[in-house]
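Analysis of the macromolecular model
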Amino acid sequence: MTDIVFNFDESFPFTTKLVSKILGVYKQLRPSFLEWLGTKEKEKVRQSVQKILQWDFRRVIMAHGTIVEDDAKQKFKKGYEYFLEKI
């Protein structure tokens, strides 16, 4: 994953933790709520997420945040739940 998903935790500076809490990505593998608001083609995102969930993966590495080593697939699914709901 690149800039589309975040996972900030307590190891980050105060300002980063504060902003990530405001954006809804603190201690969660997920895109910010701004991504959901700004995405015009949510159905395409939903289809892409469903395709990714068919892959066999155990880890998620993103550009911003802590690497997810445990339950990565389940955390990814939970993080994208608002895109997975039928629009």
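Each remark here, short or long, concerns the structure printed above.
To keep things clear, this report deals only with the structure shown in the data block. (Residues numbered from 1 in each chain as written. Predicted model: local features only at pLDDT ≥ 70, side-chain atom pairs only at ≥ 80, totals over all residues. Heavy atoms only, no water.)

On the surface, Phe 33, Leu 34, Trp 36 and Leu 37 cluster together into a nonpolar patch covering about 390 Å² of accessible area. By relative accessible area, which is 39% here, Phe 33 ends up partly exposed. (Patch = residues over 30% accessible without salt bridge, like charges linked within 9 Å, V, L, I, M, F, W, Y side chains within 5 Å. Areas by Shrake-Rupley, 256 points an atom, 1.4 Å probe, with all protein chains shown as cover. Salt bridge = Lys/Arg side-chain N within 4 Å of Asp/Glu carboxyl O. Buried < 20%, exposed > 50% of the residue type's maximum accessible area, 1.4 Å probe, protein only.)

Buried residues of helix 3 (residues 42–52): Lys 42, Arg 46, Val 49 and Ile 52, and no others. For helix 3, the arc enclosing every buried residue in end-on projection is 125°, short of the 170-degree limit, so these residues lie on one face. Among the exposed residues of helix 3, those oriented more than 90 degrees off its buried face are Lys 44 and Lys 51. Along its buried surface, helix 3 packs onto helix 2 (33–38), helix 4 (72–79) and helix 5 (81–84). (Helix = DSSP H or I, 4+ residues; strand = E, 2+ residues; numbered from the N terminus. Arc of directions from axis to C-beta. Contact = heavy atoms within 4.5 Å.)

Counted under the stated rule, the structure contains 7 aromatic pairs. Measuring from centroid to centroid gives 6.0 Å for Phe 6 and Phe 8, while their planes differ by 25°, and the two rings are stacked. Measuring from ring centre to ring centre gives 6.0 Å for Phe 57 and Phe 76, while their planes differ by 90°; the resulting arrangement is edge-to-face. Pair noted here: Phe 57 is in the loop between helix 3 and strand 2 (64–65) and Phe 76 is in helix 4, with a separation of 19 residues, a long-range link. In this pair, the class of Phe 57 matches that of Phe 76, namely buried. In textbook terms, an aromatic cluster arises when at least three aromatic residues are bridged by ring pairs, as seen for Trp 36, Phe 57, Phe 76, Tyr 80, Tyr 82 and Phe 83. The ring of Tyr 26 carries Lys 21 above its face, with NZ or CZ at 4.8 Å from the centroid. (Phe/Tyr/Trp six-rings, centres within 6.5 Å; stacked < 30°, edge-to-face > 60°. Lys NZ or Arg CZ within 6 Å of the ring centre and 35° of its normal.)

Any link to function would need more than the numbers given here.
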